[in-house]
Amino acid sequence: MKILDTKYMGLRLKNPIIVGSCGLTATIEGLKRIAQSGAAAVVLKSIFEEEIIKEHEETLKNRIGYQDNNLEFLDYFDYQLKSDTLKNMADLIAKAKEEIDIPIIGSLNCASSGEWISYAKHLEKAGVDALELNMFKLPFDIEQQADEHEKLYLSIVEKVKKHIAIPVSVKLAPYSSNLAAVIKKLDDAGVDGVTMFNRFYNVDFDIMTDEIKAGDPYSSKMDYYNTLRWVSIMSGKVGCDLSASTGIHNAETAIKMIMAGATTVQVVSMLYKDGIGSVAGILKNIEFWMERRGYLSVDEFRGSVHHEPGENSERFERVQFMKYFSGHNPEEII
Ligand SMILES: Cc1cc2nc3c(=O)[nH]c(=O)nc-3n(C[C@H](O)[C@H](O)[C@H](O)COP(=O)(O)O)c2cc1C
C-alpha cells in the first residue's frame, strides 16, 4: 500500500488531494492537466440551475418573434436548454473518463427543490463516480425562520440519496444557526461526505466611484482557520467523511486538516495563484513531512489532533479574545 492512499466516500484515492469545483475543472484540457499534476480526484464545475434559467431568459429576449405568453414554447425552450447543458456535461464526463484515470465527482447547484433529482440522475448516468451537492442560499429574508433552509437541504439530500446509487456529499457554507447540528442531521440522512466549506462570490465597493464591484475571488493562505476549527469539532462525531476546503494553499495546511480529521482536502485558489503544478509540490512536501515524523500512512495521523471533550476542547470552542491582551502592552503592539 502506498503511504498516501486514502479512501473517500468509498472511492479509492491515491492521495488525499482533490481539486475542488472551479473554472479549471470545466474543460477537458483543465481536467487532463489536473490529473497530470498528481491530484487524486476532481470535482467538476457545478451545474447551476439558476444560470440555465438566466441564459434561457437572455436567449428568449434576443429571439425574433418571441411571445412571452406562449407557455408551450417557453416550456419547450426551457426543456431544450436544460438538455443542452446536460448533454455538454455528459460529453465532458465521457471524454474525461477516456482520458484521465482519477475519480470524477459531479457537482450540482439547483435553485428549486424539484430539479435536484433529475440533474443528479443525469450526472450519475453520465458516469460520475460521486456527486457533490453544492448547497447554499443566502439567508437574507427577514421573514424567514432560521431553520427553513436547513430543512430544505435535508429534504433534498434525502430525495437525492433515494434516487441515485453513487456516493453523495454536501458542500456547505460556514454560516448556519447551528452548524454542528446541521452536519449531524445530514450525516443521519445518509450523506457519504461533507465538504467544509464553500467560499462565495464576495461583494466589494469602490470608494472613489461609489460602484459595487466583485471582491477577490481567491482565498489567501490564512483563510483556513475556520475550516480547521470545524473539521476538528466534527471529526469523530459523524460517520460520513469530511473534506476540508478553503484556504488550503500548502502542504502544512493540508497536513493540519488531516490531523484535524479530514479524509481529503480540496484545493482551488492555490491552483489559480501558483499554477496547477503546485499540487505536485504539496504531495512531495506531505511525503517529506511524513518521513520526518515516521508516519507510514495518512491514516496514522488522521484525527490525531481534534476536538474531544476535556482539557483541549475549550481551545476549539473559545471565540472571544477575553483575556488575550491582558499579557500584552497595546503600545508595544502598535
Ligand atoms: C473561480 C472559482 C470558481 C468556483 N466555482 C465553483 C463551482 O462551480 N462550484 C462550487 O461548488 N464551488 C466553486 N468554487 C469554490 C471552490 O470550489 C472552493 O470551495 C473555494 O474556492 C474555497 O477553496 P480555496 O480556498 O481552495 O479556493 C469556485 C471558486 C473559484 C475561485
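One can find the structure itself at the top, above this paragraph.
All values derive from a computational prediction rather than experimental measurement.

Participant: Go over unusual backbone geometry with me, naming the residues and quoting the values.
Facilitator: Residue Phe-197 is reached from Met-196 by a cis peptide bond, and omega for that bond is 5°. Along the polypeptide, Phe-197 turns up in the loop between β9 (193-196) and β10 (203-206). One non-glycine residue, Asp-210, lies in positive phi territory at about 60°.

Participant: Describe the side chain of Thr-6, and please don't skip the residues or the numbers.
Facilitator: Within the fold, Thr-6 resides in strand β1 (residues 6-8). A distance of 2.9 Å separates a polar atom in the side chain of Thr-6 from the backbone oxygen of Leu-4. Thr-6 has contacts with Leu-11, Arg-12, Leu-13, Asn-15, Pro-16, Thr-263, Thr-264 and Arg-302, leaving out every residue within four places of it along the chain.

Participant: Give a description of the nonpolar core that names residues and reports values.
Facilitator: Nonpolar side chains tend to gather and get buried jointly when the protein is soluble and globular. Counting residues in hydrophobic clusters, the biggest one holds 84 residues, and the most contacted among them are Leu-108 and Leu-133. The element that contributes the greatest number of residues to this core is helix α8 (residues 251-260), accounting for seven residues. Discounting chain neighbours no more than four positions away, the residues touching Leu-108 are Ser-46, Ile-47, Trp-116, Tyr-119, Ala-120, Leu-123, Leu-131, Glu-132, Leu-133 and Asn-134. Grouped together as the second largest cluster of nonpolar side chains are ten residues, Leu-13, Ile-18, Ile-105 and Ala-130 included.

Participant: For the packing of helix α7 (residues 225-234) against α8, give the residues involved together with the corresponding values.
Facilitator: Put simply, α7 and α8 touch, their axes get as near as 8 Å, and they point 25° apart. In this view, α7 runs roughly parallel relative to α8, as classed from their interaxial angle. Note on element contacts: α8 touches α7 through Lys-256, Met-257 and Ala-260, opposite Thr-227, Leu-228, Val-231 and Ser-232. When the residues that make up the contact of α7 with α8 are grouped by side-chain class, the tally is four nonpolar, two polar and one charged.

Participant: Could you give me a rundown of the pairing of strand β8 (residues 168-172), with the residues and numbers involved?
Facilitator: The buried fraction of β8 is high, at five of five residues. Side-chain alternation along β8 places Val-168, Val-170 and Leu-172 on one buried face and Ser-169 and Lys-171 on a second face that is also buried. Here strand β7 (residues 130-134) runs beside β8; their pairing, made up of four bridges, is parallel. Within the sheet, the bridge partner assigned to Leu-133 lies in β8 and is Val-170. For the handedness criterion, the β-α-β arrangement of β7, helix α5 (residues 148-163) and β8 is classed as right-handed. Alignment of β8 against β9, held across four bridges, turns out to be parallel. Within β9, the position partnered with Lys-171 by the bridge is Thr-195.

Reading the values: the criteria
Residues numbered from 1 in each chain as written. Predicted model: local features only at pLDDT ≥ 70, side-chain atom pairs only at ≥ 80, totals over all residues. Heavy atoms only, no water. Helix = DSSP H or I, 4+ residues; strand = E, 2+ residues; numbered from the N terminus. Polar contact = N/O pair within 3.5 Å; in protein donor to acceptor, adjacent residues only side chain to side chain. Contact = heavy atoms within 4.5 Å. Core = buried A, V, L, I, M, F, W, Y, C linked by side-chain atoms within 4.5 Å. Buried < 20%, exposed > 50% of the residue type's maximum accessible area, 1.4 Å probe, protein only. Axes fitted to C-alpha atoms, helices over the stretch in contact; angles between N-to-C directions. Parallel < 35°, antiparallel > 145°, perpendicular 65-115°, else oblique. Nonpolar A, V, L, I, M, F, W, Y, C, P; charged D, E, K, R; others polar. Pairing = 2+ DSSP bridges. Right-handed = clockwise from strand over helix to strand, strands pointing away.

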